[in-house]
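Observations on the three-dimensional arrangement
Spelled out, the chains give:
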Amino acid sequence: MHASIILLLPFFSALVILLGHRHLKGAAVLISVGSSIISFIACLFFLAAENDNKLLLPFLDVGHFHANIDVLIDKQSRGMMFIVSFIGMLVHIFSLGYMKDDDAKPRFFGSLSLFMFSMTGIVLAGNLIMMFIFWELVGLSSYLLIGHWYQKASAAEACKKAFLTNRIGDFGFMIGILLLFGANGGSVNLFDLKSAFAPGGTLGLGSPGYHAGFTTAAALCIFLGAVGKSAQFPLHVWLPDAMEGPTPVSALIHAATMVAAGVYMLVRVSFLIEASPLAAEIIAGIGAFTALMAALMATQQNDIKRILAYSTLSQLGYMVMAVGAVAMAVQHGHEAHGPNPGHPAMFHLYTHAFFKALLFLGSGAIIYACHHEQDIWKMGGLRKHMPITFWTFLIGTLALMGLPWVTSGFYSKEGILGAAYDSGCSILFHAGTLTAVLTSFYMMRLVIVAFFGKSRTDSAHHAAEGGVGLAMLLPLIILAVFSILSAWDGFATPLQALKPAHETPHATVLFASILAFLIGTGAAIYFYRGKAKEPINIKLFANKFYFDEIYAVIVRICQDRLAWIVTALERVFVDGLIARLPTALVARLGAATRMLQGGHLQGYTFLLGGGVIGVVYLVVFVLPRLGH
Amino acid sequence: MSVLELIIALPLLAALAVWLGAPARAASLGATFINLILVFYTAVQYWGKTGLAFTHSRPILENPSLSFAVGADGISIILALLTTLVMLAAIWQIQDRPAIFYVSSLLIGGGALGAFLTTDVFFIYAFHELALIPTFLMIALHGRAEPAQRKAVAWKATIYLGAGSLVLLAGLVWLVLEFSGGSKLTFDLEALRSQARLTPLPDAKQAQIFFVLLLGFGSLVSLFPFHSWAAPAYATAPTPVAMLHSGVLKKFGLYGLIRIALPLLPHGAHVEWVQNALLLMLLGNILVMGLVTIHANRLDDTLANSSVMHMGYIFLGIAAGTEIALKGAVILMFAHGISIALLFGLCGRMRNQLGTLEYNKLGGLATHAPAFTVLFAFGTFASIGLPGLTNFAGEVMIFLGNFTEFKAGALTNLQWTVILALWGVVMSAVYMLRAYRGIFHGSPATGLFMIDPAFSQRVPFIFLATTLLVTGCCPWLLLNLMKSAL
């Protein structure tokens, strides 16, 4: 009941706004925000729902095969649903202020409702086909929202890039689904798959149906879907460009929820990853690499939203690494970090959603107050002009850096480092710790440069919180509270966060995370205090390791050049051999039989029709008689 | 008299009436609208049923037994729905054109309905030919190119499709002769089917006949490498003809394969050499034509080539031959028909208003024509295969249908083909989003812009877009018409 309200309300909101967006200007905003608030209330009831797997709506039904809209209600989906609907509602409210003067407000809120519908679908999906359906639909809403200001060439390119990069991931995801569908006898229900891949199941480790190569291939294909959606290396390039969208969108879709869907999906199919040691190692490796690489890129960015975007990339890499590390730990017999009752990746997803949404919304407030200035070197001194924004932003920053014992980020990050430590692969642990150092460094740099010192431009000098308004400040305050308290059991338990079972962390892990915080913060203060210009210049990081340039060359060669060559070949060979050659022969023949030709196409076509009828007549009436 | 006879006769009679001087628009729209209601009525009547319904037979000849026999099952009804929906939209969007536009649209649609709703191989074939003739004439007489060029294009299509039809005819005759070994020759599909069940042909012979039919039907559907008529023909054809041929008439070849070739030659498609040949050809459709489409730099070129490409997926469903895949193929036929008709219809409007379809001369149309943009987006995302629009349901069923028989660690040729074909889904996103970006996003490159058409001219397109959304969210609506096992 509550599941269907949460799922369908935003769908109808999106549909109504699409149908009448030119007639309902203000009403569209009301419908969308209203539906997000009602969904959130329904979600509070949903937190108490029983574990269940039930049919919601029919979709496909052929013989024994069903791919329907059925929901899987368990601790994972209830916890994730809370994150989505809670942050979704806050972002709707924030957008009331942020998008106040936008001409295309109805389109914006309609797309936002479409997003809420699709994201809810992913969270509730009880089978992989349904997950894929909504997976693509969040891609569409992300496309629409990144391209909200489509008149700008950069936004138009960014939304196309996001969709296409995700398509490459979905290519793998689909293959993975097909493989599982085939191997599991035509069912892609998550529940069925889980029992099939459990130790002792038909496809699980140790059973006669187990096939190592197949399991690894299926796991990696499914993982490719997550690589696209959660922007992991090598498909990470779309996420920074996605910052072309309005800032509330960046907060909701490109930081807190949609990009985390990849991690959520991986946790949903963790049984598959646990069944393949090689896949687990590759997933952990890709995650660690992304985390480190993106953190390095973040240290040299100047656009406030881009710094946060690279930070999101890096944190998503962290979560993906945790998924792989937990699977590796389980393979080595460390059941304590297994998926039940908690999962470090999901727990970090949960805490990260609050403080990263806070940071993005905070940056939105800054951008709004500074008249769309996004370069941190053109800000400075905002601490005094925007105190509420400053304090909440600082809380978010400290949570992301993992201020020991105080903030939620500390506990979830420690969980991930613990999993990396238990995985038995020291590279993961070192990469994780190094990323933590860099995270503290680039976030402290951002805060020092933007908020401290003197205002470096007029727009920063005249920035004032007065214009920002309550609709934007209230979500900041609420999220700041969550950034501190969300790891506390009093919050985490009723919200069904997948907090890993409490055990005293290994001393090395604790030491490493505290040291990482101190080193990163200290270095940032040392380098950036009182500076008005970037003191460090590392071209490689500032230019994002030249991935965009490299990919542009690959696309030009592998796609555009190839398309040109294939087109030329197609013209020469197919057209030449199959059309031109016979035509030429016919033309020769025709010259000999010119008597029959009148030169009018009508004549020919009727002749053709007549000929056909003649042939049929011959075959039907003459041939049989000849035979007998 | 069966309701199906009425459905076939109505557009042909309306065409005659218009030709004799009846008010063209009113008569054509009226007849098409009544026809849509009739087809809808048959669909509702057939809902959830199985087998052949609404049958009626008028004997014409004793031996060989030939009769004007009509009858419909779910596949025919879905295709008849497609035909009448596209006909209504195609005729509705005609503006300020001579009566021959209405006559030809009615003839093409009527011919297609005849082909889909009769159950006698002779008439199935003859109705299709009837529909082809006005297609050629309209390209030659009213095509959108210089007279010499459009005649050349019409010629090319005529030669290709004429040759394809002759190969097809040879295959059908072979088939009929093989099954009528005794004294009685029959063209009745049901009689042939029961014959095929009782005394199936040896596999080797099935393979040979299937291959001939595949080439014949295939060249009507622009199966690679017999496709090069299609792109220029669609780019040149007048808008209603492009909508009706690419949307409806082209499905005839696929319908024939599913309706005639597969049931009569159940093993033909699975004999190794035939299957491998089919897989290679359909990969040609998907991968080669996908790249050719990426290279296109005009909207009509992109759409025409993409339409060739998408046929590959339907052939993939036919190659798999499992129940899920074949039903998926039928859904994709319906979906592709609606979406390509929508896109060609909108493309025709753009050409009329802007005078060019080259991407580098366009841009930013979304600002002044928001409703038009939304409609175009429906077509774009449908052809990309976005869930929620019908094409996705068809495609995903075809893919799944290839994996119902699966051994871990040993993929069959079919399954490798699916994996390669899936890359085509990425390619279609590339060319459609490039087109969409080039035309609607950004700012006008050369100052060209257009405004939304009046509401009455948007109706046919809204109609098609709504169909995509409704059957896309509820594909079981179509599946309920196909309860019988294929």
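In this text, all values refer to a predicted model and were calculated from it rather than measured experimentally. (Residues numbered from 1 in each chain as written. Chains lettered and ligands numbered in written order. Predicted model: local features only at pLDDT ≥ 70, side-chain atom pairs only at ≥ 80, totals over all residues.)

**Overview of the overall build of chain B**
Put simply, the rule reads: Strands are runs of DSSP state E lasting at least 2 residues, helices are runs of H or I lasting at least 4, and numbering of each runs from the N terminus. Atoms considered for the radius of gyration are the C-alpha atoms alone. The globule rule reads 2.2 Å times the number of residues to the power 0.38. The exposure scheme places C-beta atoms from the backbone and then counts, for each residue, the other C-beta atoms within 10 Å of its own, assigning buried at 20 or more, exposed at 12 or fewer, and partly exposed in between. By definition, residue pairs are in contact when their C-beta atoms, positioned from the backbone, come within 7 Å.
From N to C terminus, chain B includes 20 helices and two strands. Computed over C-alpha atoms, the radius of gyration of chain B comes to 21 Å, within 12% of the 23 Å expected from 2.2 N^0.38 for 486 residues, which places it in the range of a compact globule. When its C-alpha atoms are laid out on the principal axes, chain B stretches across 70 × 65 × 45 Å. Residues counted as buried form 63% of the 486 residues belonging to chain B. Taking the contacts inside chain B whose residues are at least 6 apart along the sequence as the reference set, 81% of them involve residues at least 24 apart.

**A few points about the overall build of chain A**
For chain A, the count of helices and strands is 26 helices and two strands. Considering only C-alpha atoms, chain A reaches an extent of 100 × 65 × 50 Å along its principal axes. Across the 628 residues in chain A, those meeting the buried criterion constitute 57%. Looking at chain A alone, contacts between residues at least 24 apart form 81% of all its contacts between residues at least 6 apart.

**Comments concerning helix α19 (residues 455–473) of chain B**
Residue and element names in this part refer to chain B. The line we're drawing: Helix span, expected: 1.5 Å multiplied by one less than the number of residues in the helix. Axes are fitted to the seven residues ending at a residue and to the seven starting at it; the angle between these axes is taken as the bend at that residue.
Spanning 19 residues, α19 covers 25 Å between terminal C-alpha atoms, matching the ideal 27 Å at 1.5 Å per step. Where α19 bends most, the angle comes to about 30°, and this point is phenylalanine 461. Residues Pro460, Phe461, Leu464, Ala465, Thr467, Leu468, Thr471 and Gly472 constitute the buried set of α19.

**A few points about the interface of chain B and chain A**
You'll often see interface size given as the accessible area lost when the parts meet. The condition that has to hold: Gly falls in the polar group here, along with every residue not listed as nonpolar (Ala, Val, Leu, Ile, Met, Phe, Trp, Tyr, Cys, Pro) or charged (Asp, Glu, Lys, Arg).
The interface of chain B with chain A comprises 63 residues on the first partner and 58 residues on the second. The set of elements that each furnish at least two residues to the side of chain B that touches chain A consists of α5 (121–142), α6 (147–179), α12 (272–295), α14 (323–354), α15 (365–368), α17 (390–401), α18 (413–440) and α20 (476–479) of chain B. Residue composition of the side of chain B that touches chain A, grouped by class: 43 nonpolar, 14 polar and six charged.

**Details of the nonpolar core**
Considering soluble globular proteins, one finds that nonpolar side chains tend to be buried as a cluster. Just so we agree on the cut-off: Nonpolar cores are built from buried Ala, Val, Leu, Ile, Met, Phe, Trp, Tyr and Cys residues. These are joined into a set through C-beta atoms within 7 Å.
With 422 residues, the main nonpolar core has Val263, Val323 and Ala357 of chain A together with Val86 of chain B as its most contacted residues. Residues within four places of alanine 357 of chain A in sequence aside, it is in contact with Ile87, Ala251, Leu252, Ala255, Ala256 and Leu479 of chain A.

**Focus on the pairing of strand β1 (residues 52–62) of chain A**
All names here are of chain A. Under the convention used in this document: Strands qualify as paired when DSSP identifies two bridges or more between them.
Sheet analysis places β1 next to strand β2 (residues 65–73), joined by eight bridges and oriented antiparallel. Bridging from a neighbouring strand, valine 62 pairs with phenylalanine 65 of β2. In this antiparallel pair of consecutive strands, β1 and β2, the connection spans two residues, and glycine 63 shows a positive phi of 55°.

**A closer look at the pairing of strand β1 (residues 53–61) of chain B**
All names here are of chain B. Here β1 runs beside strand β2 (residues 66–72); their pairing, made up of six bridges, is antiparallel. Residue pairing for β2: histidine 56 is matched across the bridge by valine 70. Between the end of β1 and the start of β2, which pair antiparallel, lie four residues.

**Section: the packing of helix α11 (residues 261–268) of chain A against helix α14 (residues 304–331) of chain A**
Residues and elements named next belong to chain A. Rules: To get an axis, a line is fitted to the C-alpha atoms, and for a helix only the part in contact is used. The angle between two axes follows their N-to-C directions and goes from 0 to 180 degrees. Working definition: roughly parallel below 35 degrees, roughly antiparallel above 145 degrees, roughly perpendicular at 65 to 115 degrees, and oblique for all remaining angles.
Closest axis-to-axis distance for the α11/α14 pair is 10 Å, and the angle between their directions is 5°. Between α11 and α14, the angle is such that the two are roughly parallel. Of α14, the residues touching α11 (which contributes Val263, Leu266 and Val267) are Leu316, Met319, Val320 and Val323. Looking at the contact of α11 with α14, its residues break down into seven nonpolar, no polar and no charged.

**Side note on the confidence of the model for chain B**
Spelled out, the test is: The predictor reports its confidence for every residue as pLDDT, a score running from 0 up to 100.
Taken as a whole, chain B shows an average pLDDT of 91; of its residues, 99% reach a score of 70 or greater. Two numbers describe this predicted complex: its pTM, 0.92, and its ipTM, 0.94.

**Comments concerning the packing of helix α5 (residues 128–146) of chain A against helix α6 (residues 153–183) of chain A**
Residues and elements named next belong to chain A. In the contact formed by α5 and α6, the axes pass within 9 Å of each other and the chain directions differ by 175°. One element, α5, and the other, α6, form an angle in the roughly antiparallel class. Taking contact as the criterion, the partners of Leu128, Ile129, Phe132, Trp135, Glu136, Gly139, Ser142, Tyr143 and Ile146 in α5 are, on α6, Ala155, Ala158, Cys159, Ala162, Phe163, Asn166, Asp170, Phe173, Met174, Ile177 and Leu180. A class-by-class count of the residues in the contact of α5 with α6 yields 15 nonpolar, three polar and two charged.

**Description of unusual backbone geometry**
Working note: non-glycine residues mostly have negative phi, and peptide bonds are mostly trans. Of the consecutive residues phenylalanine 233 of chain A and proline 234 of chain A, the connecting peptide bond is found in the cis state with omega at 5°. With respect to the helices and strands, proline 234 of chain A occurs in the loop between α8 (212–229) and α9 (238–241). Note that the residue after phenylalanine 224 of chain B, namely proline 225 of chain B, is joined by a cis bond; omega there is 0°. Structurally, the position occupied by proline 225 of chain B is in the loop between α8 (203–220) and α9 (230–236). Within the chain, alanine 231 of chain A stands out as a residue other than glycine whose phi angle is a positive 50°. With respect to the element layout, alanine 231 of chain A can be found in the loop between α8 and α9. In this structure alanine 231 of chain A comes out as buried when scored by C-beta crowding, with 28 C-beta atoms within 10 Å. With phi around 55°, histidine 371 of chain A is a residue other than glycine that occupies positive phi space. Here histidine 371 of chain A shows up in the loop between α15 (344–369) and α16 (382–385). You can call histidine 371 of chain A exposed: it has 12 C-beta atoms within 10 Å.

**Quick word on the environment of methionine 427 of chain B**
Residues and elements named next belong to chain B. Mapping methionine 427 onto the fold places it in helix α18. Classification of methionine 427 as buried rests on a count of 21 C-beta atoms within 10 Å. Through-space distance from the C-alpha of methionine 427 to that of isoleucine 286 is 9.1 Å; in sequence the pair is 141 residues apart. When residues no more than four places from it in sequence are discounted, the contact partners of methionine 427 are Gly290 and Ile294.

**Notes on the environment of tryptophan 416 of chain B**
Residues and elements named next belong to chain B. Position of tryptophan 416 among the secondary structure elements: in helix α18. Residue classification places tryptophan 416 among the partly exposed positions, given that 13 C-beta atoms sit within 10 Å. Sequence separation of tryptophan 416 and leucine 4 is 412 residues, and the distance between their C-alpha atoms is 42 Å.

**Thoughts on the environment of phenylalanine 527 of chain A**
Residues and elements named next belong to chain A. Residue placement: phenylalanine 527 occurs in helix α23 (residues 507–528). For the pair phenylalanine 527 and methionine 379, spaced 148 residues apart in the sequence, the C-alpha separation amounts to 18 Å. In contact with phenylalanine 527, not counting residues within four places along its chain, are Pro535 and Ile536.

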